[in-house]
Amino acid sequence: MLTASKSIISVKLSNNALNKAGGEALINALAYNQSIVNFDISSLDAMWWNKVGPQAIESFKEILKFNKLLTFLDISGNCIGNDGLEFLCEGLKQNKTLLSLKIAQNDITSSGCEILRESLIGSKIQHLDISWNKIGNVGLDKLKVIFMENLAPITYLDLHEI
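What counts, and where the lines are drawn
Residues numbered from 1 in each chain as written. Predicted model: local features only at pLDDT ≥ 70, side-chain atom pairs only at ≥ 80, totals over all residues. Heavy atoms only, no water. Helix = DSSP H or I, 4+ residues; strand = E, 2+ residues; numbered from the N terminus. Buried < 20%, exposed > 50% of the residue type's maximum accessible area, 1.4 Å probe, protein only. Pairing = 2+ DSSP bridges. Axes fitted to C-alpha atoms, helices over the stretch in contact; angles between N-to-C directions. Parallel < 35°, antiparallel > 145°, perpendicular 65-115°, else oblique. Contact = heavy atoms within 4.5 Å. Nonpolar A, V, L, I, M, F, W, Y, C, P; charged D, E, K, R; others polar.

Asker: I tried to follow the environment of Leu-140 on my own but got confused; where do I start?
Answerer: Checked against the element boundaries, Leu-140 lands in helix H6 (residues 136-148). Judged by relative accessible area, Leu-140 falls into the partly exposed class, the value being 27%. Between the C-alpha atom of Leu-140 and that of Glu-114, which follows or precedes it by 26 residues, the distance is 9.6 Å.

Asker: How should I be thinking about the sheet that holds strand E5 (residues 127-129) in this particular structure?
Answerer: Backbone-to-backbone hydrogen bonds pair the strands of a sheet. The strands run either parallel or antiparallel. Taken together, the 6 strands give an open sheet; going across it, the order is E1-E2-E3-E4-E5-E6, and neighbouring strands pair in parallel fashion. The sheet is open, and its two borders are formed by strand E1 (10-12) and strand E6 (156-158), each paired with just one other strand. Across this sheet, the average inter-strand angle for adjacent strands is 5°, counted without regard to direction. Two strands pair when backbone bridges link them, and strand E4 (residues 100-102) and E5 are joined in this way by 3 bridges, in the parallel orientation. From the neighbouring strand, Lys-102 faces E5, where its bridge partner is Asp-129.

Asker: Just to check I follow, could you spell out the packing of helix H5 (residues 113-120) against H6 for this structure?
Answerer: Each pair of packed helices can be described by the angle between their axes along with the distance between the axes. One way to put it is that H5 packs onto H6 with a least axis distance of 8 Å and a crossing angle of 10°. Considering their axes alone, H5 and H6 lie roughly parallel with respect to each other. Contact with H5, carried on its side by Cys-113, Glu-114, Leu-116, Arg-117 and Leu-120, involves Gly-139, Lys-142, Leu-143, Val-145 and Ile-146 of H6 and no other residues of that element. Here the residues of the contact of H5 with H6 are counted per class, giving 6 nonpolar, 1 polar and 3 charged.

Here you go:
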């Protein structure tokens, strides 16, 4: 359905107990779709959490490199960790359309902040949510150069409970 549709522009599948296999299938379908601008597989504040994990996110690196329409991405609460973040950031480095990235509550630590910083430099991202991760002051120090030197157009930054 997602691969062939030209009319679906927003997909919201938050809190659907998606696992690695389901996440990979959805993400691979998105690779062939050229109409979706909003993709949300978040899992916050619910019993039926999606847990696609880092391997499913690996497919996103190619999608982010080549998709020219996706502007809003929310993968909060999916247990991607630093490994999944690294896959995501590989695609972000070449993406010029994504405006909003929500990666809250994904077990990202301060060591993941360095690669995140590099992928945000020169991006179009205006809205960044990295709340509920374990980045602490060390991670924040790695990211602060982006804001101090205006290296990304971020106007909204969510850092609560880091």
